Amino acid sequence: MATAQELQELIRGLGLDGIVDAHVHPLTILSEQDLLKAIEEAGVKLCALLALDVDPGELDDERRARAFIQEMLNAGIWDVRALDMAKELLRKALTPNERVASMVRRYPGLFMGFGSVNPSKPMGYVLERLREIEDLGLSGIKLIPTLQLFCPHKAKKALNKVLKFCRRANMLVMFHTGCDPGPWEAPALSRCARPSLLEPFIRSFPEVRFILAHAGSYSARVPGIWFDEAVKLARAYGNVWLDVAAVPYLLVEPRFVEALRRAGLLGRVLFGSDYPVIGTSIAEVAYEVLCSSSLSDGEKAQVMALNAEELLAS
Ligand SMILES: [Zn+2]
């Protein structure tokens, strides 16, 4: 593992004064002190913090639980503990908008914040959350079909509201794409997080900038699972960016890097660590990409900082 000093030298060698991490979760179990330490040792100068508006109580509701169990059975999951595992993951993931906003307020130059709204909730709830996100002065909205238990084509009405809001307030929108840990490792259970389902929205809202988190690729079983769909969308629409959170190998393995380069997308790929969800430090993930032999120095400077600076500053 690289020391903080080695990392700094690699970063400076690219002509950068720090890197940008577009994907960090300030989970309630993560202390502010630990987060600041992880950021400092990785040479991060700007970091996007993501709220997650998920409802741990949702799967306590008997009707929702029964529907979820049926979906798990359809996905081939017969493990009786899977429902409890899902509930536990939701409890850990819940990150209030106010928590993100208060960290941004305390460190305005270092952090920028994405609020979150659960589009599977009633419209009154969605509108209230959007108001909250605007009042808190956040810069974008994070949506996650897996943990928020929604499917884009079924939540069309709420998503259109969210995207109209983003268009008016000039906010970014980040969609989780790909599988997720726990029961959501079963691709069938994560099918609502396929990038292709977002196409009608990306097409209808050309003024809204979409970040496809994980570039459709996260999956422990099938790494790169829906990478091709994500690349196809980003290639077709100039308002799509891809982050490599939890999938840094997209910037290391030649087959992925070549596909991104061929599609002309290395100017729209963002470094993200997914810290602390992935269990490694930000520095380790950054080091992996900074040492990639598939990228030129210019491309490294783009994905590690320049692309995100341009996107987040506009
Ligand atoms: Zn994440």
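See the structure above.
Report follows, based on the coordinates.

1. Some remarks on the sheet that holds strand E3 (residues 111-116)
Then step 1. Here 8 strands make up an open sheet; going across it, the order is E1-E2-E3-E4-E5-E6-E7-E8 and the pairing parallel. Bordering the open sheet on either side are strand E1 (19-24) and strand E8 (269-270), each of which pairs with just one other strand.
Then step 2. Bridge count for E3 against strand E4 (residues 140-143) is 3 bridges, and the pairing is parallel. Each bridged residue has a counterpart across the sheet, and for Ser116 the counterpart in E4 is Lys142.
Then step 3. Seen against the sheet, helix H7 (residues 156-169) touches E4, strand E5 (172-178) and strand E6 (210-218) and runs at an angle of roughly 155 degrees to E4.

2. Structural notes on the state of the cysteines
Then step 1. Within the structure shown, the criterion is met by 1 disulfide.
Then step 2. One disulfide bridge connects Cys151 with Cys192, the sulfur atoms lying 2.0 Å from each other. One disulfide, between Cys151 and Cys192, carries an S-S torsion of -95 degrees and so falls in the left-handed class. Here Cys151 is found in the loop between E4 and H7, whereas its partner Cys192 is found in the loop between E5 and helix H8 (199-204), with 41 residues between them in sequence.
Then step 3. Given the relative accessible area of 9%, Cys151 is considered buried.
Then step 4. Overall, the relative accessible area of 15% leaves Cys192 in the buried class.

3. Notes on the packing of helix H3 (residues 62-74) against helix H4 (residues 82-93)
Then step 1. Running from amino to carboxyl end, H3 crosses H4 at an angle of 115 degrees, the nearest separation of the two axes being 10 Å. H4 is crossed by H3, and the crossing has right-handed handedness. Facing H3, whose interface residues are Ala65, Phe68, Ile69 and Met72, H4 presents Ala82, Leu83 and Ala86.
Then step 2. For the contact of H3 with H4, the class distribution of residues is 7 nonpolar, no polar and no charged.

4. A word on the coordination of the zinc ion
Any two of four tetrahedral donors ideally make an angle of 109.5 degrees at the metal, while pairs among six octahedral donors ideally make 90 or 180 degrees.
Then step 1. Protein coordination at the zinc ion: the donors are His23 (NE2), His25 (NE2) and Asp274 (OD), at 2.1 Å from the metal.
Then step 2. The exposure class assigned to His23 is buried, which follows from its relative accessible area of 0%.
Then step 3. You can call Asp274 buried: its relative accessible area is 6%.

Calculation notes
Residues numbered from 1 in each chain as written. Predicted model: local features only at pLDDT ≥ 70, side-chain atom pairs only at ≥ 80, totals over all residues. Heavy atoms only, no water. Pairing = 2+ DSSP bridges. Helix = DSSP H or I, 4+ residues; strand = E, 2+ residues; numbered from the N terminus. Contact = heavy atoms within 4.5 Å. Axes fitted to C-alpha atoms, helices over the stretch in contact; angles between N-to-C directions. Disulfide = S-S within 2.5 Å. Buried < 20%, exposed > 50% of the residue type's maximum accessible area, 1.4 Å probe, protein only. Left-handed = near helix turned anticlockwise from the far one by under 90°. Nonpolar A, V, L, I, M, F, W, Y, C, P; charged D, E, K, R; others polar. Donors = N, O, S within 2.8 Å, 3.2 Å for Na, K, Ca; no water.

Interpretation in functional terms is not warranted from these geometric data alone.
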